[in-house]
Amino acid sequence: MLRTWTDTHYQLNDRDWLYIATHEELGSASLVCPGYTRDGTGFSIHFTAAHTETLEKLIAVLKILKAQPQPLSTYPEPEKTVSVIR
């Protein structure tokens, strides 16, 4: 995941409330995740038509991930073997 000193990262969970706000006068829309449902860490991302291709790619990736079987949450520890060199 991209991390620099100017990036902000929000981890959404399945229970986060999201909605779309349209700004017809600006020809844009925002994805809004209100702070009162996230202990004050809400946010809004403002998109224009120029972002359509990237957002469509994001949706395509999420659909692929949704269709894949769920990975194991934990992996078994490998068996430890002792090597004796004589």
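Right above here is the structure, for reference.
Because the structure is predicted, anything quoted here is derived from the model rather than measured.

Looking now at the packing of aromatic side chains. Throughout the structure, instances matching the rule amount to three aromatic pairs. Look at Y10 and F43: their rings are 4.5 Å apart centre to centre, the planes differ by 20 degrees, and that puts the pair in the stacked class. With Y10 in the segment before β1 (19-23) and F43 in strand β3 (residues 43-48), the pair connects residues that are 33 residues apart, well separated along the chain. With relative accessibility at 15%, the residue F43 sits in the buried group. Through pairs of rings, three or more aromatic residues link up here, namely W17, Y19 and Y36.

What follows deals with the environment of F47. Positionally, F47 belongs in strand β3. Look at F47 and you get partly exposed, because its relative accessible area is 21%. Counting along the chain gives 20 residues from F47 to G27, while the straight-line C-alpha distance between them is 9.1 Å. The residues contacting F47, other than those within four sequence positions of it, are S28, A29, L31 and L55.

On to the sheet that holds strand β2 (residues 28-33), then. Overall, antiparallel pairing links the three strands, which are arranged β1-β2-β3 in an open sheet. Edge positions in the sheet fall to β1 and β3, since each of these pairs with one other strand and no more. Strand after strand, the sheet turns through a mean of 25 degrees between neighbouring axes, direction not considered. Of the pairings in the sheet, the one linking β1 to β2 comprises five bridges and is antiparallel in character. Considered in β2, the bridge of I20 is made with L31.

The grouping of L55, L58, I59, V61, L62 and L65 at the surface amounts to a nonpolar patch, some 500 Å² of accessible area in total. By relative accessible area, which is 46% here, L58 ends up partly exposed.

It is worth spelling out the pattern of salt bridges at this point. On inspection of all chains with the given rule, the structure shows one salt bridge. Among the salt bridges present, the one from K57 reaches E53, with a minimum N-O distance of 3.4 Å. Taken as a pair, K57 and E53 lie in helix α1 (residues 52-67) at a separation of four residues, close to a single helical turn. Looking at K57, the relative accessible area reads 52%, which means it is exposed. Residue E53 is classed as exposed on the basis of its relative accessible area, which comes to 52%.

Rules used throughout
Residues numbered from 1 in each chain as written. Predicted model: local features only at pLDDT ≥ 70, side-chain atom pairs only at ≥ 80, totals over all residues. Heavy atoms only, no water. Phe/Tyr/Trp six-rings, centres within 6.5 Å; stacked < 30°, edge-to-face > 60°. Helix = DSSP H or I, 4+ residues; strand = E, 2+ residues; numbered from the N terminus. Buried < 20%, exposed > 50% of the residue type's maximum accessible area, 1.4 Å probe, protein only. Contact = heavy atoms within 4.5 Å. Pairing = 2+ DSSP bridges. Axes fitted to C-alpha atoms, helices over the stretch in contact; angles between N-to-C directions. Patch = residues over 30% accessible without salt bridge, like charges linked within 9 Å, V, L, I, M, F, W, Y side chains within 5 Å. Areas by Shrake-Rupley, 256 points an atom, 1.4 Å probe, with all protein chains shown as cover. Salt bridge = Lys/Arg side-chain N within 4 Å of Asp/Glu carboxyl O.

Take it as geometry only, folks, not as evidence of what the structure does.
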